Amino acid sequence: MRENKAVGIIGLGCYVPEKVLTNFDLEKMVDTSNDWIVERTGIKQRHIAGDDVATSDLAVKAAEQALADAGISADELDLIIVGTATPDMYFPSVACIIQNKLKATKAAAFDLSAGCSGFVYGLVTGSQFIISGLYKKVLVVGAETLSKILDWTDRNTCVLFGDGAGAAVLSVVDDGYGILGVELGAEGAGGHYLSLPAGGSRLPASELTVANRSHFVHMNGNEVFKFAIKVMGEAALKALENASLKPEDVDCFIPHQANIRIIQSAAKRLKMPMEKVMINVDKYGNTSSASIPIALKEAVMNGKVKKDDTIVLVGFGAGLTWASCVIKWCKEDNTIV
Ligand code: ACO
């Protein structure tokens, strides 16, 4: 019998590869300009993984930090969930690869495919295992190496993304803290607006798929933009309603870092002053499922999120999907490793 249904984040970690690619570097690669990228997206630079680095390598580093921050060892983990659109390979999953690297031998492990919403989908999924009483400690990771699936000759997409990983340890927390409300959703009808067409069972890898550049991200930016503008605010409002809260109760809003204009529009919809909004898209670009945990960790590190604060995470992404989560922050201090 469980006595406490409150589930929250007790440890956070994040990692980005060292190499930085600036807009000025991109000017030398495709027909673009720093001014265009900054004005349309807010991005100034992004971090890019080396040739010999895969998603699990970033995920392990973020996970190790999250475990240290939570003060638990890997063998205490019951479950590992990794949200990713860029796994090392089809199988084994990134979750199984990092289960081995972390030596989390007791943990069940699986990947979750929800595009940039993957981390928040993972938080909600992981929390259910704890609420049900089945598990006690769950590691949720959002990790990506988008740079590996970008067409570096396509200026419409290659300027937008970056690599990175973020991780959170979920556990039972004191009553009144932790996840207070959630909202998950999908609009599969719009899935074709953002896809990686080849390499699966629909279009197995062939000389033709390689020649057609079908193993790269294909995106209708305008349609994804319209979708994001619509769902970001709505999803956050629904999660708040689910928690019986209002936008004015929120201390910090942590949106998926895809584009500054999308973030501003969501903040406007929520009537959220920009000083309550966490923004780091300028430094990392869109790191897909890693963006929200990286932004959350930075917000905690720089004191933007403190104990007793009410925060809202909201993401959108490939699928198309959206996900939002309201959390009452329970950690005593900001001394995250
Ligand atoms: N540099 C210079 N010019 C460019 C670039 C570039 N990097 N990219 C596109 N352009 C050009 C276009 O070709 C177009 O030229 P044209 O008018 O001669 O045809 C012009 O700029 C305007 O293009 P738009 O697409 O209308 O520009 P917009 O203001 O819509 O911005 C953007 C494009 C930034 C892609 C925007 O639509 C957007 O952010 N969409 C959402 C994308 C997103 O967030 N995707 C991630 C989803 S999450 C996930 O799961 C991965």
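Every chain is numbered independently, its residues counted from 1 as its sequence is written. Under the rules for a predicted model, residues below a pLDDT of 70 receive no local features and side-chain atom pairs below 80 are neither given nor counted, while totals for whole chains, interfaces and linings still include all residues. For side-chain calculations, the full set of non-hydrogen atoms in the structure is used, while hydrogens and water are omitted.

As named in an unreviewed UniProt entry, the protein is beta-ketoacyl-[acyl-carrier-protein] synthase III, taken from bioreactor metagenome. UniProt positions are given in the numbering used here, feature names are shortened, and annotations may be inferred rather than shown by experiment. Looking at the Pathway (unreviewed entry) heading of the UniProt record, one finds this comment for the protein: "Lipid metabolism; fatty acid biosynthesis."

A.B. asks: Help me out: how do you make sense of the sheet that holds strand β11 (residues 252-255) in this one?
C.D. replies: Whenever strands of a sheet pair, they do so through backbone hydrogen bonds, lying parallel or antiparallel. Strands are treated as partners if at least two bridges between them are detected by DSSP. A helix here means a DSSP run of H or I that spans at least four residues, while a strand means a run of E at least two residues long, and both kinds are numbered starting from the N terminus. As summarised here, the arrangement of the four strands in space is β8-β13-β12-β11, forming an open sheet in which the pairing is mixed. Where the open sheet ends on each side, the last strands, each with one partner, are β8 (178-186) and β11. In this sheet, adjacent strand axes meet at a mean angle of 10 degrees when their direction is disregarded. Bridge analysis of β8 against strand β13 (residues 321-328) gives eight bridges, and the strand direction is antiparallel. Across the sheet, the residue bridging to E183 is S324, located in β13. Contacts: residue pairs with any heavy atoms within 4.5 Å of one another. A fitted line through C-alpha atoms represents every axis, and for helices the fit uses only the stretch in contact; the resulting angles, taken between N-to-C directions, go from 0 to 180 degrees. The strands that helix α8 (residues 221-242) touches are β8, β11, β12 (310-317) and β13; relative to β12, the one it contacts most, it runs at about 145 degrees. Contacts from helix α11 (residues 291-301) reach β11 and β12 within the one sheet, and its direction differs from that of β11 by about 150 degrees.

A.B. asks: What's the story with the pairing of strand β1 (residues 7-15) in this structure? I'm lost.
C.D. replies: Looking along a regular strand, one sees side chains alternate from face to face of the sheet. Extensive coverage of β1 is indicated by the burial of eight of its nine residues. In the sheet, β1 pairs with strand β7 (residues 163-172) via eight bridges, with the strands oriented antiparallel. Within β7, the residue paired with G13 across the bridge is A167. Accessibility here uses a 1.4 Å probe with only protein chains present; expressed as a share of the type maximum, an area under 20% marks a residue as buried, one over 50% as exposed, and anything in between as partly exposed.

A.B. asks: How should the pattern of salt bridges be read in this particular structure?
C.D. replies: Pairs may arise between side chains of opposite charge once their charged atoms sit close together. Salt bridges, as used here, are contacts in which a Lys or Arg side-chain nitrogen is within 4 Å of a carboxyl oxygen on Asp or Glu. The final tally for this structure, using the stated rule, is eight salt bridges. The partner of D57 in a salt bridge is K101, and the shortest N-O contact between them spans 3.0 Å. Here the residue D57 occupies a position in helix α3 (residues 55-70), and K101 occupies one in helix α4 (residues 94-102), the gap between them amounting to 44 residues. When its relative accessible area of 37% is taken as the criterion, K101 is described as partly exposed. In this structure, the salt-bridge partner of E187 is K230, at a minimum N-O distance of 3.6 Å. With E187 in the loop between β8 and β9 (194-195) and K230 in helix α8, this pair connects stretches of sequence that are 43 residues apart. Given the relative accessible area of 31%, E187 is considered partly exposed. Judged by its relative accessible area of 41%, K230 is partly exposed.

A.B. asks: Would you explain the domain arrangement of the protein in this entry?
C.D. replies: Frequently, the measure chosen for interface size is the accessible area that the parts lose on association. For the protein, the assigned domains are domain 1 (7-175) and domain 2 (179-329). One C-alpha centre belongs to domain 1, the other to domain 2, and the line joining them spans 14 Å. Facing 49 residues of domain 1, the contacting portion of domain 2 comprises 46 residues. Two parts placed together each lose some accessible area; with a 1.4 Å probe, that loss summed over both constitutes the buried area. For domain 1, the biggest contributors to the area lost against domain 2 are L12, C116 and Y121; these three give 17% of the whole. There are one salt bridge connecting domain 1 and domain 2. Close ionic contact of R213 with D151 constitutes a salt bridge, the shortest N to O distance being 2.9 Å. Each polar contact in these results corresponds to two N or O atoms within 3.5 Å; when the atoms are within protein, one needs to be able to donate a hydrogen and the other to accept it, and residues that are neighboring in sequence are counted only if both atoms are side-chain atoms. At the junction of domain 1 with domain 2, the criterion picks out 21 residue pairs in polar contact (both at pLDDT 80 or more). Secondary-structure elements contributing two or more residues to the side of domain 1 that touches domain 2 are β1, α2 (34-41), β3 (45-47), α5 (118-131), β6 (138-145), α6 (155-158) and β7. For this classification, the nonpolar set comprises Ala, Val, Leu, Ile, Met, Phe, Trp, Tyr, Cys and Pro, the charged set comprises Asp, Glu, Lys and Arg, and every other residue, Gly included, is treated as polar. Here the side of domain 1 that touches domain 2 is built from residues that sort into 22 nonpolar, 20 polar and seven charged. Boundaries between domains were set according to an automatic or database domain assignment.

A.B. asks: Explain the side chain of T157 here, please?
C.D. replies: Structurally, the position occupied by T157 is in helix α6. A distance of 2.9 Å separates a polar atom in the side chain of T157 from a polar atom in the side chain of D154. What T157 contacts, discounting residues up to four positions off in sequence, is L150, D151, V217 and M219.

A.B. asks: I keep staring at the site of the ligand and nothing clicks. Help me out?
C.D. replies: To be near a molecule or strand, a residue needs just one of its heavy atoms within 4 Å of it. Around the ligand lies a shell of 25 residues, among which T32, R40, C116, N222 and N259 are the nearest. Within the contact set of the ligand, an oxygen atom lies 3.4 Å away from a backbone nitrogen or oxygen of C116. For the ligand, an oxygen atom lies 2.9 Å from a polar atom in the backbone of A318. For the ligand, whose unbound accessible area comes to 1000 Å², protein coverage reaches 75%. By residue number, the principal contributor to the shell around the ligand is α8, which donates four residues. For the shell around the ligand, the class distribution of residues is 12 nonpolar, nine polar and four charged. Among the domains, domain 1 (7-175) and domain 2 (179-329) are the pair contributing at least three residues each to the shell around the ligand. The accessible surface values rely on the Shrake-Rupley method and a 1.4 Å probe; as for residues, cover is taken only from the protein chains in view.

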